[in-house]
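Descriptive analysis of the structure
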Amino acid sequence: MSESLRELPTFAAHGAGLPLARRRAAQPTAREWLRHASLFLLTGAAMTWAWMSFMLPAGDLGAGLALATPLDYLLYVPKYYLLAQAATGSYALAHPHYIAEGLTFAASLLSILLAHEAGHYVACRLYGVDATLPYFIPMPPPFLAGTLGAFIKIRSPIPSRRALFDIGVAGPLAGFLVIIPVACAALLTSEPAPPLPEEGVIIFNDPLLLRLLAGPLGVRDLAGIAPNPFYFAAWIGLLVTSLNLLPVGQLDGGHAVYSVLGPRAHRHAGRLAFLSMVALVPLGWLWHGVPSGLLYVILLFVILRLPHPQPLDDRDALGRARRAVALATLLVFALSFIPFPLTVR
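So, about the overall build of the protein chain. Helix and strand counts for the protein chain stand at 11 helices and four strands. Of the accessible surface of the protein chain, which amounts to about 17300 Å², a share of 69% is contributed by carbon and sulfur atoms.

This is how it looks when you write it as structure tokens:
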């Protein structure tokens, strides 16, 4: 899921002598609204189906697939996939509450992603920065919860360091404000899980926010609750938020570090974050049975190779209020980050 799920500016840095007056950003056309709304709805449908696929009882769908010829082996994966999706649809129709749960999961996760991207988009509009509406990226279910996330594309220069900071942190802060009630709903509607087998289990490790909320909301054993749609929406939302707040390149955390500490610190912070993720990969394999940080490493390697956009005015001071917001953003990262998201036993 994760993304670069952030905006990828396509402009070159301009000289410092250009005027900094805010201009009116282009209004989205009806065709653009239709395109982005269609992607939004398609992503919601893929999320709903992904939840239903996740909840489908395990079964041997491949038992009826005879493997006699090379063509049978070649077609085994697509045939198995089609059988799995047919089984998901049939099971969901026979058990409609799974459809309702899938819609709940999709609505919760879409709300988090939409708030995140709307934060960026509104900040861009306030500064007269031309940006697209959010692109939501559907994935064939059940892969990656039915989505690769969402992003906006910035199409004009960013006028100042303050603008870069505000646009960068507006997304994760807005998304986090939506995650909190979703996480509360996850804990308030939680039920005890049945006993797990000793082997062949994937465990979703809990970020700090869920751990802190569990006690006050009456959940004594957070590891022992059954999966519910609010929980997984909050879990994925926190994972996406923490990934975007890594202080690397054009990620939201990279924008914040560049704005607060400057380009040199931004460069060093990105390399340090990348090396830290590289170190977590073997530890994840050793301690948790899965190199879950490997996807982080690949993504950060790509992002580090992209140049960071330079604001037109790189000299304006952020001020105390924005530095306080920077500390709040750092707290959001700490509440969201999971060094080892998964454990396989």
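Describing two packed helices takes the angle between their axes plus the distance from one axis to the other. Across the interface, helix α7 (residues 229-244) lies against helix α11 (residues 319-336) with an axial gap of 8 Å and an inter-helix angle of 130°. Relative to α11, the element α7 is oriented oblique. At the point where α7 passes α11, the crossing takes the left-handed sense. Contacts from L238, T241 and S242 in α7 reach V332, F333 and S336 in α11. Residues of the contact of α7 with α11, tallied by class, amount to three nonpolar, three polar and no charged.

Below, the discussion takes up the side chain of S336. Relative to the assigned elements, S336 resides in helix α11. You can call S336 buried: its relative accessible area is 0%. Contacts of S336, omitting those with residues within four sequence positions, involve F176, P207, L238, T241 and S242.

With that out of the way, let us pick up the nonpolar core. Counting 53 residues, the largest nonpolar core has F105, L209 and L246 as the members making the most contacts within it. Among the elements of the structure, α1 (30-55), α4 (96-126), α5 (161-188), α6 (208-214), α7, α9 (263-288), α10 (294-304) and α11 are those that each provide at least two residues to this core. Take this core: its biggest share by element is 10 residues, from α7. Beyond its immediate sequence surroundings of up to four residues, L209 is in contact with F176, I179, A183, L238 and L335.

Let's shift gears to the environment of A326. By the element assignment, A326 lies in helix α11. Overall, the relative accessible area of 19% leaves A326 in the buried class. Considering only alpha carbons, one finds A326 and V169, 157 residues apart in sequence, at a separation of 8.0 Å. Those residues in contact with A326, other than ones at most four positions away along the chain, are F165 and V260.

Bringing the pattern of salt bridges into the picture now. According to the stated counting rule, one finds five salt bridges in the structure shown. We note a salt bridge from D130 to R155, for which the minimum N-O separation is 3.4 Å. Residue D130 is located in the loop between α4 and β1 (135-138), and its partner R155 is located in the loop between β2 (147-151) and α5; the two are separated by 25 residues in the primary sequence. The exposure class of D130 is buried, given its relative accessible area of 12%. Relative accessible area serves as the criterion here: at 37%, R155 is assigned to the partly exposed category. With its nearest N and O atoms 2.9 Å apart, the salt bridge here joins D166 to R322. With a gap of 156 residues between them, D166 in helix α5 and R322 in helix α11 connect regions that are remote in the sequence. By sharing partners, the salt bridges in this structure join E32, D130 and R155 into a single network.

What follows deals with the packing of aromatic side chains. Enumeration over the complete set of coordinates arrives at 12 aromatic pairs. A ring pair is formed by F204 and W235, whose centres lie 5.0 Å apart and whose planes are at 90°; its orientation type is edge-to-face. Separated by 31 residues along the polypeptide, F204 in strand β3 (residues 202-204) and W235 in helix α7 bring together distant segments of the chain. With a relative accessible area of 5%, W235 lands in the buried category. Relative to F340, the ring of W287 has its centre 5.9 Å away and its plane inclined at 70°; by these criteria the two rings are edge-to-face. Here W287 is found in helix α9, whereas its partner F340 is found in the loop between α11 and β4 (342-344), with 53 residues between them in sequence. On the accessibility criterion, F340 (13% relative accessible area) is buried. Here the aromatic residues W51, F54, F105, F204, Y231, F232 and W235 are joined through ring pairs into a cluster of three or more.

Judged by side-chain polarity, L294, L295, I298, F301 and V302 come together as a nonpolar surface patch covering roughly 490 Å² of accessible area. By secondary structure assignment, the location of F301 is in helix α10.

What follows is about the confidence of the model for the protein chain. Confidence along the protein chain averages 84 in pLDDT terms, with 85% of residues attaining 70 or more. Confidence, read as mean pLDDT per element, is least for helix α2 (residues 70-74) in the protein chain (63) and greatest for α5 (96).

A word on α1. Taking 1.5 Å per residue, 26 residues should reach 38 Å; α1 reaches 38 Å between its end C-alpha atoms and fits that length. Among all positions in α1, only E32, H36, T43, G44, A46, M47, T48, A50, W51, M52 and S53 are buried.

Let us now look at the environment of W51. Counting through the fold element by element, W51 comes out in helix α1. For the pair W51 and Y98, spaced 47 residues apart in sequence, the C-alpha to C-alpha distance is 8.1 Å. Contacts of W51, omitting those with residues within four sequence positions, involve Y98, E101, G102, F105, P227, N228, P229 and F232.

Conventions used here
- What you see as residue numbers is a count from 1 along each chain, following the sequence as written.
- For this predicted model, a pLDDT threshold of at least 70 governs which residues receive local features, and a threshold of 80 or more governs which side-chain atom pairs are given and counted, while totals over whole chains, interfaces and linings are taken from all residues.
- Water and hydrogen atoms were dropped before computing side-chain values, which therefore reflect all heavy atoms in the structure.
- Numbered from the N terminus, helices here are DSSP runs of H or I no shorter than four residues, and strands are runs of E no shorter than two.
- Computed with the Shrake-Rupley method and a 1.4 Å probe, the accessible areas treat only the protein chains shown as cover for residues.
- What counts as an axis is a line fitted to C-alpha atoms, over the stretch in contact for a helix, and the angles between N-to-C directions run from 0 to 180 degrees.
- Angle categories: roughly parallel below 35 degrees, roughly antiparallel above 145, roughly perpendicular from 65 to 115, and oblique for all the rest.
- Left-handed is the label given to a crossing in which the near helix is rotated counterclockwise from the far helix by less than a right angle, and right-handed is the label when the rotation is clockwise.
- In what follows, residue pairs with any heavy atoms lying within 4.5 Å of each other are defined as contacts.
- For this scheme, ten residues count as nonpolar: Ala, Val, Leu, Ile, Met, Phe, Trp, Tyr, Cys and Pro. Four count as charged, namely Asp, Glu, Lys and Arg, and the remainder, Gly too, count as polar.
- Summary of the burial criterion: residues with accessible area below 20% of their type's maximum are buried, those above 50% are exposed, and those between are partly exposed, where the area comes from a 1.4 Å probe applied to protein chains only.
- Take the buried Ala, Val, Leu, Ile, Met, Phe, Trp, Tyr and Cys residues and link them wherever side-chain atoms come within 4.5 Å; each set so joined is a nonpolar core.
- Each reported salt bridge corresponds to a side-chain nitrogen of Lys or Arg within 4 Å of a carboxyl oxygen of Asp or Glu.
- What counts as a ring pair is set by centres within 6.5 Å for rings of Phe, Tyr and Trp (its six-membered ring), and what kind of pair is set by the plane angle: stacked under 30 degrees, edge-to-face over 60, tilted for all other angles.
- What goes into a patch is any residue over 30% in relative accessible area without a salt bridge, connected to like charges within 9 Å or, for nonpolar side chains (Val, Leu, Ile, Met, Phe, Trp, Tyr), within 5 Å.
- Confidence scores per residue from the predictor, reported as pLDDT, run from 0 to 100.
- Here a helix's expected span is defined as the number of its residues, less one, multiplied by 1.5 Å.

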